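Chains, contacts and geometry: an overview
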Amino acid sequence: MDNNMNQQQSMGQQAPQSSMNDDANKHKAFAILGYIIPILFFIPLLSDDGKKSPFAMFHANQQLVQLIAWVISGFLTFVFIGFLLYIFCFVIMIMGIISAAQGTMKPSPLIGGIKILKS
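Residues numbered from 1 in each chain as written. Predicted model: local features only at pLDDT ≥ 70, side-chain atom pairs only at ≥ 80, totals over all residues. Heavy atoms only, no water.

**With respect to the overall build of the chain**
What counts here: Only runs of H or I of at least four residues qualify as helices and only runs of E of at least two qualify as strands under DSSP, and these elements are numbered from the N terminus. Note on exposure labels: buried denotes an accessible area under 20% of the residue type's maximum, exposed denotes more than 50%, and partly exposed covers the range between, all computed with a 1.4 Å probe on protein chains only. Note on contacts: a residue pair is in contact if any heavy atoms of the two residues lie within 4.5 Å.
Each helix and strand in the chain was counted, giving five helices and zero strands. Overall, the chain shows an N-to-C arrangement of helices and strands of α-α-α-α-α. Within the chain, the fraction of its 119 residues that count as buried is 35%. The contacts in the chain between residues at least 6 apart in sequence include a share of 64% that link residues at least 24 apart.

**Describing the packing of aromatic side chains**
Where we set the bar: Side-chain rings of Phe, Tyr and Trp, where Trp is taken by its six-membered ring, are said to pair if the distance between their centres is within 6.5 Å; with planes under 30 degrees apart they count as stacked, over 60 as edge-to-face, and otherwise as tilted.
By the definition in use, this model includes one aromatic pair. Ring plane angle 45° and centroid distance 5.4 Å describe the contact between Trp-70 and Tyr-86, whose orientation is recorded as tilted. Of the two residues, Trp-70 sits in helix α4 (residues 54–75) while Tyr-86 sits in helix α5 (residues 80–102), which places them 16 residues apart along the sequence. You can call Tyr-86 partly exposed: its relative accessible area is 32%.

**Things to note about the environment of Pro-38**
Here Pro-38 shows up in the loop between α2 (17–36) and α3 (48–52). Using a relative accessible area of 12% as the deciding quantity, one classes Pro-38 as buried. In this structure, the C-alpha to C-alpha distance between Pro-38 and Gln-62, residues 24 residues apart in sequence, is 9.4 Å. Apart from residues no more than four positions distant in its own chain, Pro-38 is found in contact with Gln-63, Leu-67 and Trp-70.

**Quick word on a nonpolar patch on the surface**
Here is the rule we go by: Exposure above 30% relative accessible area and the lack of any salt bridge qualify a residue for a patch; like charges then connect within 9 Å, and the nonpolar side chains Val, Leu, Ile, Met, Phe, Trp and Tyr within 5 Å. What sets the accessible areas is the Shrake-Rupley method with a 1.4 Å probe; for residues, cover comes only from the shown protein chains. We define a salt bridge as a contact between a side-chain nitrogen of Lys or Arg and a carboxyl oxygen of Asp or Glu at a distance within 4 Å.
On the surface, Ile-68, Val-71, Ile-72, Phe-75, Leu-76, Ile-81, Ile-114 and Ile-116 cluster together to form a nonpolar patch covering roughly 700 Å² of accessible area. Among the elements that make up the nonpolar patch, the one with the highest residue count is α4 (four residues). Tracing the backbone through its elements, the reader meets Ile-81 in helix α5.

**What to know about the side chain of Gln-66**
Tracing the chain through its elements places Gln-66 in helix α4. Gln-66 sits in the buried class, given a relative accessible area of 1%. If we skip the residues at most four places from it in the chain, Gln-66 touches Tyr-35, Cys-89, Ile-92, Met-93 and Ile-111.

**Side note on the environment of Lys-106**
Assignment of secondary structure puts Lys-106 in the segment after α5. The class of Lys-106 is exposed, set by a relative accessible area of 56%. Once the C-alpha coordinates of Lys-106 and His-59 are considered, the two residues, 47 residues apart in sequence, prove to be 9.0 Å apart. Setting aside residues no more than four positions away along its own chain, Lys-106 makes contact with Phe-58, Gln-62 and Ser-99.

**Things to note about the side chain of Ser-99**
Position of Ser-99 relative to the elements: it lies in helix α5. Filtering out sequence-adjacent residues up to four positions away, Ser-99 remains in contact with His-59, Thr-104, Met-105 and Lys-106.

Okay, here's the thing in C-alpha cells:
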C-alpha cells in the first residue's frame, strides 16, 4: 500500500514543470474557490478543458472528499466528535487553499488518498 502511494506521488503528482505551471495558473482561481465553497467542486467538470486538466481534477476530487467530510461532521455535531471534525475540515480547507494557490497538487492529510473523480 505504501509502495502504491509512493508510486502515485512520484508518477501521478509530478508532471513536466512548464506544462504543470501553465495548467496550474490556468485553473488556480477555480481550485481556490472550490476550497472556500466546497459545493463548487464540480466547476472543472463543466468544461472539456477542466476535465483534461490534472490540476483541476485533482483539486476537484479533494474538494468533493472535503465536502463529504463537512456533511458527515454536520450530522455528528450533536456529539463532541462532530465539533472536532469541523475543526479538522477547516484546517484541511486552509491547506487546500494554500496548495492550490501555490500551484501544487499536495494531497490532504488522512482524506487525500480517497479518489472519487476520475482524472
